[in-house]
Amino acid sequence: MTELQAGQGAQPLEVPRIDARPQRYRDLLVALAAFAVLALLPMVFGSKQLLDFVIRCAAYGLFATSLNLLVGYTGLISFGHGMFFGLGAYGFGLMMQKTGVPIPVAFVATLAMTCVVAVVIGAICVRLKEIYFAFVTLAFQMLIHSTILSWQSLTGGDQGLRGGIPRPPFLGIDLSNHLHLYITSCALLVVGLLLMRQIAQSPFGYTLRMIRDNATRASFIGIDVWRAKLVIFVLAALFAATGGIIMALFVSGAYPEFAYWTISGEGIFINMLGGVTTFLGPMVGTVLLLILNDTVTRITEYHGIVLGIVILFFAVGLRKGLMDFVVEWFAQRRGEGRG
Amino acid sequence: MTRTRKPGISRRSTLALIGVGAATFAAPWVARAQAKTIKIGMPTILSGRVAQLGTSSRNAVLLEVEKINAAGGLAGRQIEMVIRDSKGQPQEAARIARELVNTDGCEMLLDGEASSGSFAVHEVARDLGVLCIHTCSEASSLTADPKQHIPNAFRCVRQGIHDSIVGAGYAAGIAKAKGLKKWATCSPDYAYGRDTTGEFVLYLKKFAPDVEIISESWPKLFQPDYTEVVTKILQAKPQALYSCLWGGDLTSYIDQANIYAMFAQMEVFAVNMADYTALTVVKNLPKGIHSGDRYIKTFPPTPENAAWGDAYKAKYNEYPTNWSWQNATAVMFLSEAVKKANSTDGKKVAEVLTGLTIKCPFGADGTVTMRADDHTLVGYAIGWGTTIPQEPYVPDVKAGDWKAIFELEAEWKKSKGYT
């Protein structure tokens, strides 16, 4: 997608409100309500499968929403975003296995490491545009994947990090307990989404939309486009790494598949399903994809065909993601009501 | 007539949705209520490049389960297999394994995953404490590394280290007899390829100290074109070549190397050749390739093994694979252990499985054992022979000596810091 095309598909620019506080309070309230609902779920339903499902939604949801910060908000189609998902999983797993530091320390250290890697890779990639950006990010992803496969003494090669990830309790939270892991994943998801929402709604978020719609104009009014792109690239990497950490905790290990291009492909797929013009589109896409995946793989081993038909339906039939469609439909109805 | 239906979700749809939701969440209780049958879960790879192996695992399991059910089931309970596709992704394997136990009510797991997927399922077994038998992963560290050890997990699979010891002993004999000193290797560039080749070379040099490796090639896994690798080996002019390429990679390699008449210029030792999936797919199978046995119905040369291979072929219209006999053996172990424990309780079955020896068509002496100290399969038929282009493909297989395997394996474990 070129910047021009991205601009055509996007909503017209809204002028940011002068006083953003009420919006912020509303987001906070929604986040608190969402967390409360998620936290109450295990009390209402005893299904462990449901908790597993939400934990996976947290991992993939953070990953896909962070990808949307690049794709939908900045117009940077990254084909290599999965590398940060993998880095998060490996960084955290290795830290816990090798150093035995408390979980919050490993969490912060993993994000710091991801930040450094993302700055280096981002500094090279964000200079490029469109397909060149997409392919160089893909190349870096394959580089990281190959490194994981080859550096056997550290990463275990294609067999992944073996022996489980130790999860010593901290502050009364024991992540080897399924319920504690569930609540922690929900908390990370809600806080992550809230932070990303704040980034998207901030003046910086609007700068990104401007860069997406017309980078030349943005630079003419004094915006350092390269720096803004780099900042969002790094921030998105941090949220993707958080998703990777949740996944590493869920499977109690890290595997090269987490850093493979297929994970990035799934991220793009999720964004196409859910839609890129609304903030919650990727989250809806995540829930849709995981439900589809879990039900279809139960029924048939030809799930590739079913998922392919679904994506065709969205890409060719609807020509937009589900949330884009729903939002437009509501806007239309409201318009009719007024008319 | 005017339409009265209002836009939005109708009452019927709402009721249907509630019904579906209730059914989803009630599933575990329903599953428990039907506990007359015993459910055994199996995540395996049924799509993608190695789907053929996953399918052959499923076939073998179903073949054995049918026999057990016909004979009255496990401690009087009919077995119901719940087999799902993990697509070879470890996160999917972990999710499916958890779902099989937590939601579908499976009381045991057969883990039909390869490589990383098996380690992911192993962690699920550690977490949930469910009885789990790995049936496809050949990675030695899965059971050799004491960090991996859990009382409820077993591995019913051949191992890379066993193959390397037997293969190197066999190759050293031929190297001495024919004066093969210059060797080349060509194996896939990932942990299995590097480990297995490293171990083979280590033991080959131990048994035949004159041997020298003059060329190494590490093609990528699933590489389509081997021209570069073949010409590199031909230029180095080795007297012998070792390869642990497998499946489609091995058949593509042989087809491409045939164009250069490579097999007439050197002795080739391909550990994974003697598997029907490779033997029947290669266009012109060269005579005289040395290979380890994967699965062939003529080795071990017993009527039981031949009958099993024929029964499988009759039912599925194709020959079994290496994964097939391993999965079948796992079901045989379960059946025998449940009989001895007189219970389907996972803990009791695991206790009986530890150190259990059973009669088995794939045993070197008609029996196989689940070794007590590392919960891994030993005593299975293992040997090397040379190929011919038509059935029985590898007519004369020289059996490996398990006593020698045990001795060298113990040394290897020590060198790795496992004991």
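Calculation notes
- Residues numbered from 1 in each chain as written.
- Chains lettered and ligands numbered in written order.
- Predicted model: local features only at pLDDT ≥ 70, side-chain atom pairs only at ≥ 80, totals over all residues.
- Helix = DSSP H or I, 4+ residues; strand = E, 2+ residues; numbered from the N terminus.
- Buried ≥ 20, exposed ≤ 12 C-beta atoms within 10 Å, placed from the backbone.
- Contact = placed C-beta atoms within 7 Å.
- Nonpolar A, V, L, I, M, F, W, Y, C, P; charged D, E, K, R; others polar.
- Pairing = 2+ DSSP bridges.
- Axes fitted to C-alpha atoms, helices over the stretch in contact; angles between N-to-C directions.
- Parallel < 35°, antiparallel > 145°, perpendicular 65-115°, else oblique.
- Left-handed = near helix turned anticlockwise from the far one by under 90°.
- Expected span 1.5 Å × (residues − 1).
- Core = buried A, V, L, I, M, F, W, Y, C linked by C-beta atoms within 7 Å.

### Some points on the overall build of chain A
No. 1: The secondary structure content of chain A amounts to 15 helices and 0 strands.
No. 2: Along the first, second and third principal axes, the C-alpha atoms of chain A reach 60 × 50 × 45 Å.
No. 3: Expressed as a percentage of the 339 residues in chain A, the buried residues total 44%.
No. 4: Counting contacts in chain A only where the partners sit at least 6 residues apart, residues at least 24 apart contribute 78% of the total.

### Topic: the interface of chain A and chain B
No. 1: With 26 residues of chain A at the contact, the number on the chain B side is 28 residues.
No. 2: Put simply, the parts of the chain that give the side of chain A that touches chain B at least two residues each are α3 (48–74), α11 (225–251) and α13 (281–299) of chain A.
No. 3: Among the elements that take part in the side of chain A that touches chain B, α3(A) stands out by supplying 4 residues, more than any other.
No. 4: Its residues assigned to classes, the side of chain A that touches chain B comprises 6 nonpolar, 12 polar and 8 charged.

### Digging into the pairing of strand β3 (residues 108–111) of chain B
Residue and element names in this part refer to chain B.
No. 1: In β3, alternate side chains face the same way, and those of Met108 and Leu110 on one face and Leu109 and Asp111 on the other are all buried.
No. 2: Relative to β3, strand β1 (residues 38–44) runs parallel, the two sharing 2 bridges. Counted as the bridge partner of Gly41 is Leu109 from β3.
No. 3: Across 4 bridges, β3 lies against strand β4 (residues 131–134) in parallel orientation.

### Regarding unusual backbone geometry
All names here are of chain B.
No. 1: The peptide bond linking Phe299 to Pro300 adopts the cis configuration, its omega dihedral lying at 0°.
No. 2: Looking at the element boundaries, Pro300 is found in the loop between β11 (290–295) and α12 (303–316).
No. 3: In this chain, Glu391 is followed by Pro392 through a cis amide linkage whose omega measures 5°.
No. 4: Topologically, Pro392 is positioned in the loop between β15 (383–386) and β16 (397–399).
No. 5: Unlike most non-glycine residues, Ala75 shows phi in positive territory, near 45°.
No. 6: Among the secondary structure elements, Ala75 is positioned in the loop between α2 (51–70) and β2 (79–85).
No. 7: One non-glycine residue, Tyr393, lies in positive phi territory at about 65°.

### Some remarks on the packing of helix α5 (residues 103–125) of chain A against helix α6 (residues 130–150) of chain A
All names here are of chain A.
No. 1: Interhelical geometry of α5 versus α6 gives an angle of 150° and a closest axis separation of 10 Å. In terms of axis orientation, α5 runs roughly antiparallel to α6. Considering how the two elements wind past one another, α5 and α6 form a crossing that is right-handed. Contacts between α5 and α6 pair Ile121, Ile124 and Cys125 from the former with Phe133, Val136, Thr137 and Phe140 from the latter.
No. 2: Along the lines of polarity and charge, the residues of the contact of α5 with α6 split into 6 nonpolar, 1 polar and no charged.

### Considering helix α14 (residues 303–318) of chain A
No. 1: Relative to the 22 Å expected for 16 residues at 1.5 Å per residue, α14(A) spans 21 Å between its end C-alpha atoms, a close match to the ideal helical length.
No. 2: Of the residues one or two after α14(A), Arg319(A) is the one with positive phi, at around 60°.

### Re the nonpolar core
No. 1: Ranked by internal contacts, the top residues of the largest apolar core, which has 204 residues, are Ala236(A) and Leu109(B).
No. 2: With 18 residues, α11(A) is the single largest residue contributor to this core.
No. 3: What Leu109(B) contacts, discounting residues up to four positions off in sequence, is Gly41(B), Met42(B), Ala97(B), Leu100(B), Val101(B), Val121(B), Ala125(B), Val130(B) and Cys132(B).

### Section: the pairing of strand β8 (residues 240–243) of chain B
All names here are of chain B.
No. 1: Side chains of β8 alternate between two faces, with Ala240 and Tyr242 and Leu241 and Ser243 buried alike.
No. 2: As paired strands, strand β6 (residues 182–186) and β8 are joined by 3 bridges and run parallel to one another. The residue of β8 that forms the bridge with Thr185 is Tyr242.
No. 3: The pairing of β8 with strand β9 (residues 267–270) spans 4 bridges and is classified as parallel. Residue pairing in the sheet places Ser243 in a bridge with Ala270 of β9.

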